[in-house]
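# Descriptive structure summary
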Amino acid sequence: MGAYKPRMLRLIGRKADGWLPSLPYLQPGDLAAGNATIDDAARGAGRDPGEIRRMLNIAGSFSARNGGILRGPADQWVRELLPLVLDDGVGTFVLMADDPAVMQQFAEEVAPALREAVATERARRGTTEPQRRTSIALARRRDGIDYDGLPASLASAAIEPGDFGYARVRSTYLRGGAPGLVLPVHDTAEVVDAVRFASGQPVPLAVRSGGHGISGRSTNDGGIVIDLSAMNSIEILDPVARRVRIEPGARWKDVAAALQPHGWALSSGDYGGVGVGGLATAGGIGWLVREHGLTIDHVRAVEIVLADGTVVHASSEENAELFWAARGAGANFGIVTSFEFEVDEIGDVGWAQLAFDASDTADFLERWGSTIENAPRDVTSFVILGAPRGGRSVAQMMAMVDSDDPDTIIERLQPFADAGPLLDQSVQLTTYAAAMANSQDAPHEGQGEPNARSALVEHLTPEFAEAAAELLASGDVYFFQVRSVGGAVNDVAPDASAYAHRAANFSVAAFGANRHRLDAAWDRLRSHSTGLYLSFESDDRPERIDDAFPPATLARLRELKVQLDPENLFRDNFSVALGESTAVTG
């Protein structure tokens, strides 16, 4: 309500959600007097005055010299608006303007500078603005979470279901979520506080870096989400050894862009919007995998917050068993707050996108699989197929060739032309960073539950290819992808990390609309597999853990789980704890 007289101000205190006067109608002292009247009326009605938002309509113009209140340069606006925030409690300014130039200058020069000035002055005074919520927002809190027990380091940034920003953080790329509390963290100390707080709450705990995991474990229903997206720094530690430090909230397109000026790259999945944390603890099958191995094969050390809030450093020389587990099953043991990678020297690359008539699906898969297995390691390829339409199936093939020589690129790609009738092709010489710049930073708006299945396969045998063709023809799968692995991945010993299925030359993933139909169809295909890749799996049946880890690996992981997470705090991301289901709560 916008009002100025005592009777209306008292009504605001008793009933309204907020006060929205206009600065041109106010005299000095009117804001303070109005706030006092509203606060007294609110307390008299049994309300918390902090529930009532204080907003202010403002108007002005920009010029090089001071011409009066909000009539001058941007820094003058900041100086004049600052006390209205600090002393009068205004939390939102509404700019009354219809001149695009004024609106743009306010948005670019005043708003961010004012936010910074407020933060600086509050830090100088040793005060913080408490998060205020209306009774309606408080009513949306979920059972089982001690909201009032949040540590001060987290309280001001915490996002609840009734908060304005909740829609931006509730869901992930593919999964719709309804968490009871999202905790954005900015450094290791805040992660420690978040873990210690979450360990005392009887609700699910999800950990999110980029929120892109197909498994959907980075959100939940009614639980807590620790959001690492603000921890996104990328730092060069040793240019000679090509050693870099990357925080978990960084996205791979940003990593690629940061490494590009140095002539470096780090194989890291196929989509630039994916966060570092999830991929770098699970595996990392990307465009350079056959030549340079998995992303986890480049990890040299991690800093990790354990279930009891302890911060430890792990490498091959320090906490070696945890370092072993973090590379392939890291989500079970804590939250990695930074990774140290040794990256590769990568120049320009060949980037190809081809389309084939794959109506004879089994034959196409066999031919493509044989071609990539026999190709030099400097070429990596993925294919995507969908259900046949009108009796015809189209396969999309992407490939990267680690060479800046056009003749070499064409030579590597030519054998793939025999995989099937070629419908379209695009081949270009580009950078790895350009190939990874394939995502936007829009908020995730996933809905429902993804139904995804994964398998690791040694060879695309005639039997596998026929089973895959039948699966696609059934209509139970609308997306089917095969990624080449092999090469440098095979060179690493199966017990060198928790990612043990090193003999696999292919990673297969499928999506279906109906979970039960997908389960039945996929179980027939699984007989041809040797394991699965956790990041592409959403099946919550307990036996998936046995598929993900061979017996010796699983036994070793379980022994470490008992030592480091005996209460199974990190249980909602394919827990290896004995007797636990892989199910996501909620």
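We now turn to the structure provided with this report. Source: prediction; values computed, not measured. (Residues numbered from 1 in each chain as written. Predicted model: local features only at pLDDT ≥ 70, side-chain atom pairs only at ≥ 80, totals over all residues. Heavy atoms only, no water.)

In this section: the packing of helix H12 (residues 320-329) against helix H20 (residues 551-564). Each pair of packed helices can be described by the angle between their axes along with the distance between the axes. At their nearest, the axes of H12 and H20 sit 11 Å apart, and the two run at 115 degrees to each other. In terms of orientation, H12 lies roughly perpendicular with respect to H20. Handedness of the H12/H20 crossing: left-handed. Contact residues: Glu-321, Leu-322, Trp-324, Ala-325 and Ala-329 in H12; Thr-553, Arg-556, Leu-557, Leu-560 and Leu-564 in H20. Here the contact of H12 with H20 is composed, by residue class, of seven nonpolar, one polar and two charged. (Axes fitted to C-alpha atoms, helices over the stretch in contact; angles between N-to-C directions. Helix = DSSP H or I, 4+ residues; strand = E, 2+ residues; numbered from the N terminus. Parallel < 35°, antiparallel > 145°, perpendicular 65-115°, else oblique. Left-handed = near helix turned anticlockwise from the far one by under 90°. Contact = heavy atoms within 4.5 Å. Nonpolar A, V, L, I, M, F, W, Y, C, P; charged D, E, K, R; others polar.)

This next bit is on the nonpolar core. If you look at the biggest cluster of nonpolar residues, it comprises 69 residues, and the most contacted ones within it are Trp-252, Val-276, Phe-341, Phe-549 and Leu-557. Considering each element in turn, this core owes the most residues, five residues, to H12. Leu-354, Ala-375, Leu-518 and Ala-521 belong to the second largest nonpolar core, which has 41 residues in total. (Core = buried A, V, L, I, M, F, W, Y, C linked by side-chain atoms within 4.5 Å. Buried < 20%, exposed > 50% of the residue type's maximum accessible area, 1.4 Å probe, protein only.)

Before going further, it helps to spend a moment on the sheet that holds strand S7 (residues 205-208). Within the open sheet, the three strands sit side by side as S6-S8-S7. Their pairing is parallel. What marks the edges here is a single partner per strand, and that holds for strand S6 (181-184) and S7. For this sheet the average axis-to-axis angle between neighbouring strands, irrespective of direction, equals 20 degrees. (Pairing = 2+ DSSP bridges.)

Pairing is parallel in the open sheet, where three strands are placed in the order S1-S2-S5. Two strands close off the open sheet at either side, each with one partner strand: strand S1 (18-19) and strand S5 (92-95). Note: strand S2 (residues 53-58) against S5, four bridges, orientation parallel. Bridge pairing in S5 links Ile-58 to Leu-95. Relative to S5, helix H3 (residues 74-86) is tilted by about 135 degrees, and along the sheet it contacts S2 and S5.

This next bit is on a positive patch on the surface. Taken together, the side chains of Arg-7, Arg-10, Arg-14 and Lys-15 make up a positively charged region of the molecular surface. Following the sequence through the fold, Arg-7 ends up in helix H1 (residues 6-15). (Patch = residues over 30% accessible without salt bridge, like charges linked within 9 Å, V, L, I, M, F, W, Y side chains within 5 Å. Areas by Shrake-Rupley, 256 points an atom, 1.4 Å probe, with all protein chains shown as cover. Salt bridge = Lys/Arg side-chain N within 4 Å of Asp/Glu carboxyl O. Lys, Arg positive; Asp, Glu negative; His and termini not counted. Charge placed at Lys NZ, Arg CZ, Asp CG, Glu CD.)

What follows concerns a negative patch on the surface. On the surface, Asp-360, Glu-366, Glu-463, Glu-466 and Glu-470 cluster together into a negatively charged patch. When residues of the negative patch are assigned to their parent elements, the largest contribution, three residues, is made by helix H16 (residues 462-474). With respect to the secondary-structure elements, Glu-463 resides in helix H16.

Turning next to the packing of aromatic side chains. Describing an aromatic ring pair means giving the distance of the ring centres and the angle of the ring planes. Scanning all chains against the criterion turns up 14 aromatic pairs. With a centroid separation of 6.2 Å and an interplanar angle of 65 degrees, the aromatic rings of Trp-252 and Phe-341 are classed as edge-to-face. Residue Trp-252 is located in helix H9 (residues 252-259), and its partner Phe-341 is located in strand S14 (residues 335-342); the two are separated by 89 residues in the primary sequence. Both residues of the pair, Trp-252 and Phe-341, belong to the buried class. (Phe/Tyr/Trp six-rings, centres within 6.5 Å; stacked < 30°, edge-to-face > 60°.)

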